[in-house]
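A look at the structure
Here are the chains, one letter per residue:
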Amino acid sequence: MERVRTWMWDRNRAYRFIVLMGFVSLLSDFTYEGAKGIIGPYLASLGATAFAISLISGLSELAGYWIRLLSGLLSDRLRSYWFFTLFGYALNLLSVPLLGFAKSWHVAGFLVFLERAGKGLRTPSRDTLLSGATSLVGHGKGFGLHEFLDQLGAVLGPLVVGSLLLLGFGYKYAFFMLFFPTMLALILLMVAKKSYPLKVEQRATDPAGMGFSKGFYLYLFASSFVALGFLQFPLVGFHLSEVFSLQGWQVAFLFALAMLVDAFSAIIFGLLYDRIGFSSLMLGLSFGLLAPALLFLWSKPVIAVVLWGISLGVQESIMRSAIADLSPKDLRGKAYGVFHFFFGLSAFLGGALMGLLYELSPKYLVIYSLVLHLLALGFMLRLR
């Protein structure tokens, strides 16, 4: 016999928890997305070279993917979802305002690494906790609502930080300012923990008899193809500035537009997912088919950014919903860890490859992205 924790929900508690965690994510994205836009120039101001900045960014992201896998496995084994969530958020968020105290780019780079590591630690456990609530209100609706609030923070953070710099405040002041949303996010996280209804039961388990279905692995394979073929915004921003001669603030506002579209598409496609299942996922991801061609071949940057934002909103909301439907509760931390690891690693590798293809010819990039998306949709057809 083993002591295990099970969820005891009613709809009001479930919605309350989803909204609380949504505001935690809003404030978190305000913090680290607000910082992300100025990390590069800040590291440069401390003496870092372009190679050092790229190395710090790439290695910290890659480490975050590995940590997602390990934390997902450990959270299921230890049944310590809240420990990984709380510790991960604290590490993720507190590293950001501490950047203002950095005296060298080496220290700042280490803090960037800790910020990504913290996100890797908390993501699988947070999604597992959320899935307990979304199972009652609808996985699509629940994760869509969470993603909507999350992306509002991704819009507001860069706008506020950019405005501070525009008004003449320095980088260090901007990082210090982010201490306030950091502390508010951690306070709300503790409130969310208290509202999370758990009880302890005695029941027998048979770990050897549990595993993932073929559908889960098929979905994981399809999701990896999506990530391999999805444009990363730094490349979009580079193209906008080099080819369309947009200034930095114009690129930043287009990115904010994409985040806003992301937020609303998460809600819309989340509701659709609860009604029509995987068909909504395929519909939403189809928008990603057109974005590269519109940007690189047909010179329609605003439309391309809007479609890019729709596809991103689908990826960050109902793709997580599908994991909850395709995995058993007792292995959900592992399921989210495996999903985030392979999805993130594929995005990392795909982004690097698309950068090389772009230098050869944007046409090659468009063809590559189109083929990968079609392959992904073909695999998802088998899940309907």
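Worth saying up front: this structure is predicted, and the values here are computed from it rather than measured.

Notes on the overall build of the protein chain
- Within the protein chain, the regular secondary structure consists of 15 helices and two strands.
- For 384 residues, the compact-globule formula gives about 21 Å, and the C-alpha radius of gyration of the protein chain, at 20 Å, lands near that figure.
- Projected onto its principal axes, the C-alpha coordinates of the protein chain cover approximately 65 × 45 × 35 Å.
- Burial analysis of the protein chain (384 residues in total) assigns 55% to the buried set.
- A sequence separation of at least 24 residues applies to 86% of the contacts in the protein chain between residues at least 6 apart.
- Accessible surface, the protein chain: about 16700 Å² in total, of which carbon and sulfur atoms supply 70%.

A word on the nonpolar core
- Counting residues in hydrophobic clusters, the biggest one holds 113 residues, and the most contacted among them are Phe17, Phe175, Tyr219, Leu231, Leu281, Trp308 and Met380.
- In terms of residue count, helix α1 (residues 11–45) provides more of this core than any other element does, 15 residues in total.

A word on the packing of helix α8 (residues 214–228) against helix α15 (residues 362–381)
- Two elements in contact, α8 and α15, have axes whose closest approach is 8 Å; the angle formed by their N-to-C orientations is 165 degrees. Compared by their axis directions, α8 and α15 come out roughly antiparallel. The hand of the α8/α15 crossing is left-handed. Contacts from Leu218, Tyr219, Phe221, Ala222, Ser223, Phe225, Val226 and Leu228 in α8 reach Tyr368, Leu372, His373, Leu375, Ala376, Phe379 and Met380 in α15.
- For the contact of α8 with α15, the residue count by class is 13 nonpolar, two polar and no charged.

What to know about the packing of helix α14 (residues 332–360) against α15
- Interaxial distance between α14 and α15 falls to 6 Å at its minimum, and their mutual angle equals 140 degrees. Facing Gly350, Leu353, Met354, Leu357, Tyr358 and Leu360 of α14, the residues of α15 in contact are Pro362, Tyr364, Leu365 and Tyr368.

Regarding the confidence of the model for the protein chain
- Of all residues in the protein chain, 93% have pLDDT values of 70 or greater, and the mean over the chain is 87.
- Confidence, expressed as mean pLDDT per element, reaches its minimum in the protein chain at strand β2 (residues 198–203) with 44 and its maximum at helix α3 (residues 81–98) with 96.
- Scored below 50 in pLDDT, residues 1–7 shows 33 contacts in the model against residues more than four places distant or in partner chains.

Details of the side chain of Gln151
- Mapped onto the fold, Gln151 is located in helix α5 (residues 139–166).
- According to the relative accessible area criterion, Gln151 is buried, its value standing at 3%.
- Once residues within four sequence positions are removed from consideration, Gln151 is found in contact with Asp29, Met259, Asp262, Ala263 and Glu316.

Side note on the packing of aromatic side chains
- What the rule picks out here adds up to 29 aromatic pairs.
- With 6.0 Å between their ring centres and 65 degrees between their planes, Tyr219 and Phe278 make a pair best called edge-to-face. A residue pair is termed long-range when its members are at least 10 positions apart, and Tyr219 in helix α8 and Phe278 in helix α11 (residues 278–296) qualify at 59 residues. Both residues of the pair, Tyr219 and Phe278, count as buried.
- Between Tyr219 and Phe339 the ring centres are 6.3 Å apart and the planes differ by 15 degrees, which places this aromatic pair in the stacked class. One end of the pair, Tyr219, is in helix α8; the other, Phe339, is in helix α14, and 120 residues separate them in sequence. A single burial state applies to Tyr219 and to Phe339, both of which are buried.
- Arg122 extends its terminal NZ or CZ atom over the ring of Tyr89, reaching a point 4.3 Å from the ring centre.

A word on the pattern of salt bridges
- Counted according to the given criterion, the structure contains six salt bridges.
- The salt bridge partner of Asp330 is Arg79, with a shortest N-O separation of 3.5 Å. In this pair, Asp330 sits in the loop between α13 (318–326) and α14 while Arg79 sits in the loop between α2 (50–78) and α3, placing the two residues 251 residues apart along the sequence.
- You can call Asp330 buried: its relative accessible area is 18%.
- The salt bridge partner of Arg320 is Glu147, with a shortest N-O separation of 3.9 Å. Of this pair, Arg320 sits in helix α13 while Glu147 is found in helix α5, placing the two residues 173 residues apart along the sequence. Pair check on accessibility: Arg320 and Glu147 agree, each one buried.
- Salt bridges here are not isolated pairs; linked through shared partners, they connect Arg126, Asp127, Glu147 and Arg320.

Conventions we followed
Residues numbered from 1 in each chain as written. Predicted model: local features only at pLDDT ≥ 70, side-chain atom pairs only at ≥ 80, totals over all residues. Heavy atoms only, no water. Helix = DSSP H or I, 4+ residues; strand = E, 2+ residues; numbered from the N terminus. Rg over C-alpha atoms; globule rule 2.2 N^0.38 Å. Buried < 20%, exposed > 50% of the residue type's maximum accessible area, 1.4 Å probe, protein only. Contact = heavy atoms within 4.5 Å. Areas by Shrake-Rupley, 256 points an atom, 1.4 Å probe, with all protein chains shown as cover. Core = buried A, V, L, I, M, F, W, Y, C linked by side-chain atoms within 4.5 Å. Axes fitted to C-alpha atoms, helices over the stretch in contact; angles between N-to-C directions. Parallel < 35°, antiparallel > 145°, perpendicular 65-115°, else oblique. Left-handed = near helix turned anticlockwise from the far one by under 90°. Nonpolar A, V, L, I, M, F, W, Y, C, P; charged D, E, K, R; others polar. pLDDT = per-residue confidence, 0-100. Phe/Tyr/Trp six-rings, centres within 6.5 Å; stacked < 30°, edge-to-face > 60°. Lys NZ or Arg CZ within 6 Å of the ring centre and 35° of its normal. Salt bridge = Lys/Arg side-chain N within 4 Å of Asp/Glu carboxyl O.

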